[in-house]
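Chain by chain, the residues run as shown.
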Amino acid sequence: MSEFNLNDAAHLVAVADAGGFRAAAQRRTVSASALSEAVRRLEEAVGARLLNRTTRSVALTEAGARLVDRVRPALAEIAAALDGASGDPARPTGTLRLNVPTFVARHVLPPIATAFLKRHPGVRMDVTAQDSFVDVLAEGCDAGVRYEERLALDMIAVPIGPRRQRFVMAAAPSYVAERGTPAHPHDLLRHARIGHRFVGSKALAIWEFERDGAVIRVPPEGPLVASTFEMQIAAAIAGLGIIGHFEEALARDLASGALVPVLEDWWQEFSGPLLYYQSRRHMPPPLRAFVDFVKSG
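Residues numbered from 1 in each chain as written. Predicted model: local features only at pLDDT ≥ 70, side-chain atom pairs only at ≥ 80, totals over all residues. Heavy atoms only, no water.

**A few points about helix α1 (residues 6-18)**
Logical step 1: The terminal C-alpha atoms of α1, which comprises 13 residues, lie 18 Å apart, in line with the 18 Å expected from a rise of 1.5 Å per residue.
Logical step 2: Within α1, the full set of buried residues consists of Asp-8, Ala-9, Ala-10, His-11, Leu-12, Val-13, Ala-14 and Val-15.
Logical step 3: Just past α1, the residue Gly-19 takes up positive phi, approximately 80°. (Helix = DSSP H or I, 4+ residues; strand = E, 2+ residues; numbered from the N terminus. Expected span 1.5 Å × (residues − 1). Buried < 20%, exposed > 50% of the residue type's maximum accessible area, 1.4 Å probe, protein only.)

Right under this line is the structure:
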């Protein structure tokens, strides 16, 4: 193997993340030709082709994907160590990248993020809302927010937002007057159900009820399936069907009477969301500050 240049490896990761030389060059403020030369040197150093190039696309080869997977954490560690050595821990600077579910982005994170950014004006927060579980490091994020059942075992988790939540069922008064009120989850099969499709994974959210060790799952089938909460709630208020959602999302409409509770005895309670991140000695200062802020709240 020829001499390995770590900066060339960083350029390769940038090209892989951006999906091309031009976009990567803009992010790293270098020329596309400089990036191409860096990848060529790296391929010569490792003795293998790392990118497949066509006139329309750039993609990692199998060897390139293996190399990127191995060097990405090392590059993150080096960046974090340099930040920690040069920065003031009391005044962190830099970008904090988070990957969170769409519900958390709408109903949990906004007040926390606002208070955190006011306390730490040197930090910029970059939030991606996505419902599918992802490798936060592979996605270029510092941390994520998910619920307990979807956490990887090698992650550190810190509660963020409400410690307990409920999944509630509701319908418009006009719907209940016309179709009646279900008394048991099995009755939902005779009703119109407004469905939610997760952003990113495109999977349908299945309504789940548990009592005395028995679990009942009901697929939401009806006049509307949407990935946006606003459309689902509007459809429920219009009397198109029963909606199942986080209590926080329906609280205002339940309080106003635009929606009325359904199957209240079967509402499910569960643990709130968790901020999770990979265990490592050198955390980027923005992430360390955010973890400390969340813990203090």
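**A closer look at helix α9 (residues 247-256)**
Logical step 1: When we look at burial in α9, the residues that qualify are Ala-249, Leu-250, Asp-253 and Leu-254. Projected onto a plane normal to the axis of α9, the buried residues spread over an arc of 110° and lie on a single side. Seen from the buried face of α9, the exposed residues on the opposite side, beyond 90 degrees, are Arg-252, Ala-255 and Ser-256. (Arc of directions from axis to C-beta.)

**Observations regarding the packing of aromatic side chains**
Logical step 1: Summed over all chains, the structure comprises seven aromatic pairs.
Logical step 2: The interplanar angle of 15° and the centroid separation of 3.8 Å between the aromatic rings of Phe-103 and Phe-246 together place this pair among those described as stacked. Within this pair, whereas Phe-103 is found in helix α5 (residues 102-107), its partner Phe-246 is found in strand β12 (residues 242-246), the two being separated by 143 residues in sequence.
Logical step 3: Among the residues examined, Phe-246 registers a relative accessible area of 18% and is labelled buried.
Logical step 4: Between Phe-246 and Phe-270, the aromatic rings sit 5.8 Å apart at their centres with planes inclined by 70°, giving edge-to-face as the arrangement. Taken together, the residues Phe-246 in strand β12 and Phe-270 in strand β14 (residues 268-271) connect sequence positions 24 residues apart.
Logical step 5: The lysine or arginine in question, Arg-211, covers the ring of Trp-266, its NZ or CZ lying 3.8 Å from the ring centre. (Phe/Tyr/Trp six-rings, centres within 6.5 Å; stacked < 30°, edge-to-face > 60°. Lys NZ or Arg CZ within 6 Å of the ring centre and 35° of its normal.)

**A look at the environment of Met-231**
Logical step 1: Looking at the secondary structure, you find Met-231 in helix α8 (residues 229-237).
Logical step 2: A relative accessible area of 47% places Met-231 in the partly exposed class.
Logical step 3: Here the alpha-carbon distance between Met-231 and Ile-194, two residues 37 residues apart in the chain, equals 9.7 Å.
Logical step 4: Apart from the residues lying within four places of it in its own chain, the contact partners of Met-231 are Leu-224 and Ala-226. (Contact = heavy atoms within 4.5 Å.)

**Overview of the packing of helix α2 (residues 21-28) against helix α3 (residues 32-46)**
Logical step 1: Packing of α2 against α3 leaves a shortest axis separation of 8 Å and a crossing angle of 105°. Here α3 runs roughly perpendicular to α2, going by the angle between their axes. Where α2 approaches α3, its residues Phe-21, Ala-24, Ala-25 and Arg-28 are matched on the opposing element by Ala-32, Leu-35, Ser-36 and Val-39.
Logical step 2: The class makeup of the residues in the contact of α2 with α3 is six nonpolar, one polar and one charged. (Axes fitted to C-alpha atoms, helices over the stretch in contact; angles between N-to-C directions. Parallel < 35°, antiparallel > 145°, perpendicular 65-115°, else oblique. Nonpolar A, V, L, I, M, F, W, Y, C, P; charged D, E, K, R; others polar.)

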